[in-house]
Amino acid sequence: MSRNLFFSVFLFFVLLCVTTSCSQAIASQSEFALATVCTITLYDKGKPQVYRDIFNRIREIENRMSVHIQGSDADRINKSAGIEAVKVHDDVFEVIERALYYAEMSGGAFDPTVGPLVSLWDIGSEQPRVPSQTEIDQVLPLIDWQQVELNQESKTVFLKKPGMALDLGAIAKGYAADEAAAIIRQERIPRAIIDLGGNIVAVGEKPDKTLWRIGIQNPLDIRGAHIGIVQVREKTVVTSGVYERFFEADGKQYHHIFSPFDGYPAANGLLSATIIADASMDADALSTAAFVMGYEKARLLIESLEGAAGIFVFEDLSICITRDVDFILSDDDFWVAVD
Ligand code: AMP
Ligand code: MG
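Residues numbered from 1 in each chain as written. Chains lettered and ligands numbered in written order. Predicted model: local features only at pLDDT ≥ 70, side-chain atom pairs only at ≥ 80, totals over all residues. Heavy atoms only, no water.

1. Re the domain arrangement of the protein chain
Item 1. You can read the domains of the protein chain as domain 1 (3–63 + 193–336) and domain 2 (67–159).
Item 2. The straight-line distance from the C-alpha centre of domain 1 to that of domain 2 is 26 Å.
Item 3. With 29 residues of domain 1 in contact, the opposing surface of domain 2 contributes 28 residues.
Item 4. Across the domain 1 to domain 2 interface the summed buried area is about 2300 Å²; carbon plus sulfur atoms make up 75%.
Item 5. The interface formed by domain 1 and domain 2 holds two salt bridges in total.
Item 6. A salt bridge links Arg57 to Asp91; its shortest N-O distance comes to 3.0 Å.
Item 7. Looking at the side of domain 1 that touches domain 2, the elements with two or more residues in it are helix H2 (48–65), strand E11 (246–249), strand E12 (252–255) and helix H8 (280–293).
Item 8. Ranked by residue count, the leading element in the side of domain 1 that touches domain 2 is H8, at eight residues. (Domains from an automatic or database assignment. Contact = heavy atoms within 4.5 Å. Buried area = accessible area lost by both parts, 1.4 Å probe. Salt bridge = Lys/Arg side-chain N within 4 Å of Asp/Glu carboxyl O. Helix = DSSP H or I, 4+ residues; strand = E, 2+ residues; numbered from the N terminus.)

Set out below in structure tokens:
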């Protein structure tokens, strides 16, 4: 081949690659929202506009539900605690309604009125601290989901006691993930992975028709290190774990998922609880609930729910799995307990 011909052929292939890559889908996009890194991966028809629509929707949800955003619906509800009912957007009403549903189902282990406890410990801020028992005793009477009054017709929310505060951090990401999945399905994008800080939705199936392989975070290792994988199709996989947010004081670790019963980080031997379900909002609420309830009670609850399953990781590095989970262990420091 002459030198010129070689370069012409080379140039042809370079141009071909550039043109095909231009017309190809954008593989994935990450943005910081809902206090976490959100990564959307659209296979096949991943147009920039679809990514924009999804992230706009996620931000819209954050702007309505974050208690840290002044003037958000959640912030207005909290500021009106004990004073008056607040009219909220349908999104917010739906999430609070569902949160109360899971509060009842979990016997109060999941409680969207944990706001005062979250502020007291201030985990995730620059200055978290272990509060005194007196401080904890003062806020505990304010943690009571039964003191939230919803009005279906007027779409209003009222926290009956002054000082009460909602915190939707244990359910809002799940709702946002479901909404992202709805946009993807509406756009007829056949497969996608939504990952809102570990709140994962697997849309469709892989091109070769095999199952999605979703990694389960090793609670004791760096982010992205997995103890194993779970294989799913059209499911959501959501984990609540000690590693998500914590601080150390006097040689002890304190994490961010509180027992509404004693006001301390839930301590029942668990490092994480993963729920596999059809809707991410349900899995998000259930994983937090399961973490607080502990294995025995959580297992009974999960197994009573159609389409739901769980993976529980314990401090002794054992793993318990409910029925219907296709789990493959990949880290031999951990072991699957059989009962
Ligand atoms: P998740 O990572 O989904 O389990 O949510 C944990 C977050 O939910 C925490 O950072 C708090 O903002 C909030 N939270 C903590 N404890 C509870 C609880 N018992 N019920 C509901 N929300 C909680
Ligand atoms: Mg949750």
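That shown, we press on.
2. Considering the sheet that holds strand E16 (residues 327–329)
Item 1. Across the sheet, which stays open at both edges, the three strands sit in the order E8-E9-E16 with antiparallel pairing between neighbours. The strands lining the two open edges of the sheet, one partner per strand, are strand E8 (212–217) and E16. Direction aside, neighbouring strands of the sheet carry axes that sit 25° apart on average.
Item 2. By the bridge criterion, three bridges tie strand E9 (residues 226–232) to E16 in an arrangement that is antiparallel. (Pairing = 2+ DSSP bridges. Axes fitted to C-alpha atoms, helices over the stretch in contact; angles between N-to-C directions.)

3. Some thoughts on the site of ligand 1
Item 1. Taken together, 17 residues surround ligand 1, and among them Asp111, Ser240, His256, Phe258 and Thr288 come closest.
Item 2. Here an oxygen atom of ligand 1 and a side-chain polar atom of His256 are 2.9 Å apart.
Item 3. In the environment of ligand 1, an oxygen atom lies 2.7 Å from a nitrogen or oxygen atom belonging to the side chain of Thr288.
Item 4. Considering ligand 1 on its own, with 500 Å² of exposed area, one finds that the protein chains cover 95% of that surface. (Near = heavy atom within 4 Å. Polar contact = N/O pair within 3.5 Å; in protein donor to acceptor, adjacent residues only side chain to side chain. Areas by Shrake-Rupley, 256 points an atom, 1.4 Å probe, with all protein chains shown as cover.)

4. With respect to the sheet that holds strand E6 (residues 192–196)
Sheets are built from strands paired through backbone hydrogen bonds, the pairs being either parallel or antiparallel.
Item 1. An order of E1-E2-E6-E7-E10-E13-E14-E15-E17 is seen for the nine strands of this open sheet, with the pairing classed as mixed. Two strands bound the open sheet, and with one partner strand each, they are strand E1 (29–33) and strand E17 (335–336).
Item 2. Pairing analysis gives two bridges linking strand E15 (residues 318–321) to E17, with the strands arranged parallel. Among the inter-strand pairings, Ile319 is bridged to a residue of E17, identified as Val336.
Item 3. Of the strands in this sheet, strand E2 (36–42), E6 and strand E7 (199–203) are in contact with helix H7 (residues 172–186), which crosses E6 at around 160°.

5. Digging into the coordination of the magnesium ion (ligand 2)
Item 1. Taken together, the protein ligands of the magnesium ion (ligand 2) are Ala170 (O), Asp284 (O), Asp284 (OD) and Thr288 (OG1), with distances of 2.0 to 2.5 Å.
Item 2. We note that the donor set of the magnesium ion (ligand 2) lies within a single chain, spaced as A-x113-D-x3-T. Of the two residues, Ala170 sits in the loop between strand E5 (156–159) and H7 while Asp284 sits in helix H8, which places them 114 residues apart along the sequence. (Donors = N, O, S within 2.8 Å, 3.2 Å for Na, K, Ca; no water.)

6. Topic: the environment of Arg223
Item 1. Along the polypeptide, Arg223 turns up in the loop between E8 and E9.
Item 2. Given the relative accessible area of 54%, Arg223 is considered exposed.
Item 3. Those residues in contact with Arg223, other than ones at most four positions away along the chain, are Gln217, Tyr243 and Glu244. (Buried < 20%, exposed > 50% of the residue type's maximum accessible area, 1.4 Å probe, protein only.)

7. Some remarks on unusual backbone geometry
Item 1. The backbone of Leu34 shows a phi angle near 55°, a positive value even though the residue is not glycine.
Item 2. Topologically, Leu34 is positioned in the loop between E1 and E2.
Item 3. On the accessibility criterion, Leu34 (14% relative accessible area) is buried.
Item 4. Phi at Asp324 is positive, roughly 65°, even though this residue is not glycine.
Item 5. Turning to its location among the elements, Asp324 is positioned in the loop between E15 and E16.

8. A few points about the packing of aromatic side chains
Item 1. Scanning all chains against the criterion turns up eight aromatic pairs.
Item 2. Geometrically, the ring pair formed by Trp121 and Tyr254 is tilted, given 5.6 Å between the ring centres and 40° between the ring planes. With Trp121 in helix H5 (residues 115–121) and Tyr254 in strand E12, this pair connects stretches of sequence that are 133 residues apart.
Item 3. Here Trp121 falls in the buried class, since its relative accessible area comes to 0%.
Item 4. Taking the relative accessible area as the measure of exposure, Tyr254 reaches 11% and is therefore buried.
Item 5. When the ring of Tyr295 is compared with that of Phe314, the centres are 5.5 Å apart and the planes differ by 80°; the resulting orientation is edge-to-face. Here Phe314 lies in strand E14 (residues 309–314) and Tyr295 lies in helix H9 (residues 295–303), a separation of 19 residues in the sequence.
Item 6. Among the residues examined, Phe314 registers a relative accessible area of 13% and is labelled buried.
Item 7. By way of ring pairs, the aromatic residues Trp121, Phe247, Tyr254, Phe258 and Tyr264 are connected into one cluster.
Item 8. In this structure, Lys155 is placed above the aromatic ring of Phe93, and the distance from its NZ or CZ to the ring centre is 5.4 Å. (Phe/Tyr/Trp six-rings, centres within 6.5 Å; stacked < 30°, edge-to-face > 60°. Lys NZ or Arg CZ within 6 Å of the ring centre and 35° of its normal.)

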